[in-house]
Amino acid sequence: MVKHLDRIIVCPGVYDGLSARIALETGFDGMYMTGAGTTASRLGAADLGIAQLSDMSSNAEMIANLEPFGPPLIADMDTGYGGPLIIARAVQQYHRAGVAAFHIEDQIAQKRCGHLSGKEVVDVETYIQRIKACVSAAARLRSDIVIIARTDALQSRGFDDCITRLKRARDEGADMGILEGVSTKEQALQAVNELAPWPLCYNSVENGHSPLISVGEAQAMGYRAIIFSFAGISPAYTAIKSTFDRLKSEGVTGSGVTPKAIFQVCGLEESIMVDTVSGGSAFAKGV
Ligand SMILES: C[C@](O)(C(=O)O)[C@H](CC(=O)O)C(=O)O
């Protein structure tokens, strides 16, 4: 996917079936399965390394297969959930799930969201072991899954250390990089320049630690992909909370959306078609 497009790939963050369906309805070149959103929506927990491989791969599989020939899915793989054996298993599960690309990072196992303070990273050799585990697993599977090496070392080790880590990951066969949590636009641009022509992905987290960079700006800087991790879950929170507040205070909800409209977003017509082409008559009288 990364290799064949000359424009930046824009991926809204999705975290469950409905948010992914809304991304499909809107039409994007790609989608991004956020680990923070997956953890919040599936486990009701904060992005602190609580979601494990089965939580993540099952969510990714559901999202990646909503539309068989839909846009490619980039999925969060956090730290890889263990040592090389578990990481190899993670790559296998993501590959089988139909995930097109994933990012793996250098935080310690007790990780936290990249836009929180107090992050710690593993030493560079352990990080490179993670990358090598991914590259060799993908080769054994004859998979063209795109491996995105992410570093969270900026807070604790500084910019130059991040570039060194990403260069090492690149040299070991990672296809793309993410320098997580850059603090200025200048730094975001410098990362692209220092690693060119190796492609970089920008993680745009509104109200996080990084400057807000638009799609146009990221493309002009030379980024090849941009993920908007919280583009789904933040507005979902706002909308649900205000509706629940209204229900609590006024006893009404006030949404103008019909149940059928939601089902239509979620493949109602396709389901009817599946029944009809199979000779079924379950929906002959309409829905
Ligand atoms: C990209 C990320 O890994 C995610 O899970 O979406 C998070 C986003 C976030 O929690 O702000 C991250 O940047 O660590």
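All values derive from a computational prediction rather than experimental measurement.

This part covers the overall build of the protein. Per the secondary structure count, the protein includes 12 helices and 8 strands. Whereas a compact globule of 287 residues would reach a radius of gyration of roughly 19 Å, the protein reaches 20 Å, a difference of no more than 12%. Principal-axis analysis of the C-alpha atoms gives the protein an extent of 65 × 50 × 35 Å. In the protein, the share of contacts with a sequence separation of at least 24, taken over all contacts with a separation of at least 6, comes to 68%.

Right, let's get into the sheet that holds strand β7 (residues 201–203). In spatial order, the strands read β6-β5-β4-β3-β2-β1-β8-β7; together these 8 strands make up an open sheet with parallel pairing. Both outer strands of the open sheet, β6 (176–179) and β7, are each paired with one neighbouring strand and no more. Going from strand to strand, the sheet's axes swing by 25° on average, the running direction of each strand aside. Where strand β4 (residues 101–104) lies against strand β5 (residues 146–151), 4 bridges are found, and the strand directions are parallel. In the strand pairing of β5, isoleucine 104 is matched with alanine 149. Strands β1 (9–14) and β2 (31–33) of the sheet are contacted by helix α1 (residues 17–26), whose axis makes an angle of about 150° with β1.

Further remarks concern the packing of helix α2 (residues 35–43) against helix α3 (residues 53–64). Contact geometry of α2 with α3 gives a least axis separation of 10 Å together with a crossing angle of 100°. One way to sum up the angle between α2 and α3 is to call them roughly perpendicular. The residues of α3 that touch α2, namely those facing Gly35, Thr38, Arg42 and Leu43, are Asp55, Met56 and Asn59. Looking at the contact of α2 with α3 residue by residue, the classes come out as 2 nonpolar, 3 polar and 2 charged.

Looking now at the environment of isoleucine 226. Relative to the elements of secondary structure, isoleucine 226 occurs in strand β8 (residues 225–228). Accessibility expressed as a C-beta count within 10 Å gives 23 for isoleucine 226, which makes it buried. Excluding its chain neighbours within four sequence positions, the residues that come into contact with isoleucine 226 are Ile8, Val10, Cys11, Cys201, Tyr202, Ser204, Val215 and Ala218.

Residues Ala101 and His103 of β4 are buried on one face, and the alternating residues Phe102 and Ile104, pointing to the opposite face, are buried as well. Alignment of strand β3 (residues 73–76) against β4, held across 3 bridges, turns out to be parallel. Among the inter-strand pairings, alanine 75 is bridged to a residue of β4, identified as phenylalanine 102. Each parallel crossover has a hand, and for β3 linked through helix α4 (residues 84–97) to β4 it is right-handed. Following the chain from β4 across helix α5 (residues 124–140) to the adjacent parallel β5, one finds a crossover that is right-handed.

Attention now moves to α3. Compared with an ideal rise of 1.5 Å per residue, which puts 12 residues at 16 Å, α3 spans 16 Å between its outermost C-alpha atoms and is within 8% of the ideal. Along α3, the residues classified as buried are Met56, Ser57, Asn59, Ala60, Ile63 and Ala64. Around the axis of α3, the buried residues are gathered within 165° of arc, so they sit on the same side. The inward-facing, buried residues of α3 abut β1, α1, β2, α2, β3 and α4.

In β3, alternate side chains face the same way, and those of Leu73 and Ala75 on one face and Ile74 and Asp76 on the other are all buried. In the sheet, β2 pairs with β3 via 3 bridges, with the strands oriented parallel. Within β3, the residue paired with methionine 33 across the bridge is alanine 75.

In this section: α5. The α-helix advances 3.6 residues per turn, and as a result positions three or four apart in sequence lie on the same side. Counted at 1.5 Å a residue, the expected span for α5 with its 17 residues is 24 Å, and the 24 Å between its end C-alpha atoms agrees. All buried positions along α5 are accounted for by Tyr127, Arg130, Ile131, Ala133, Cys134, Ala137 and Ala138. Within α5, the buried residues cover an arc of 150° as seen down the axis, which keeps them to one side. Away from the buried face of α5 by more than 90 degrees, exposed residues Glu125, Ala139 and Arg140 are located.

Take the packing of α4 against α5 next. The N-to-C vectors of α4 and α5 enclose an angle of 45°; their axes lie 9 Å apart at closest approach. Judged on the interaxial angle alone, α5 and α4 are oblique. Our pair here, α4 against α5, has a crossing hand that is right-handed. On the side of α4, the interface is formed by Pro84, Ile87, Ala88, Val91 and Gln92, while α5 contributes Gln129, Arg130, Ala133, Cys134, Ala137 and Ala138.

Calculation notes
By convention here, each chain's residues receive numbers from 1 onward along its written sequence. Note on the predicted model: pLDDT of at least 70 is required for a residue's local features to be given, and 80 or more for side-chain atom pairs to be given and counted; whole-chain, interface and lining totals, by contrast, use all residues. Strands are runs of DSSP state E lasting at least 2 residues, helices are runs of H or I lasting at least 4, and numbering of each runs from the N terminus. C-alpha atoms define the radius of gyration, and 2.2 Å times the number of residues to the power 0.38 defines the globule rule. A pair of residues counts as a contact when their C-beta atoms, built from backbone coordinates, are separated by no more than 7 Å. What makes two strands pair is DSSP finding at least two bridges between them. All axes here are fitted lines through C-alpha atoms, helices being fitted over the stretch that makes contact, and every angle between N-to-C directions spans 0 to 180 degrees. Throughout this description, any angle smaller than 35 degrees is read as roughly parallel, any larger than 145 degrees as roughly antiparallel, any in the 65 to 115 degree range as roughly perpendicular, and the remainder as oblique. The residue classification treats Ala, Val, Leu, Ile, Met, Phe, Trp, Tyr, Cys and Pro as nonpolar and Asp, Glu, Lys and Arg as charged. All others, Gly included, are polar. Neighbour counting defines burial: a residue surrounded by 20 or more other C-beta atoms within 10 Å of its own C-beta is buried, one with 12 or fewer is exposed, and intermediate counts give partly exposed, using backbone-placed C-beta atoms. When the strands point away from the viewer, a crossover counts as right-handed if the path from the first strand over the helix to the second runs clockwise. A helix is expected to span 1.5 Å for every residue after the first. As used here, the arc is the angular range of directions from the helix axis to the C-beta atoms. For a crossing to be left-handed, the near helix must be turned anticlockwise from the far one by less than a right angle; the clockwise case is right-handed.

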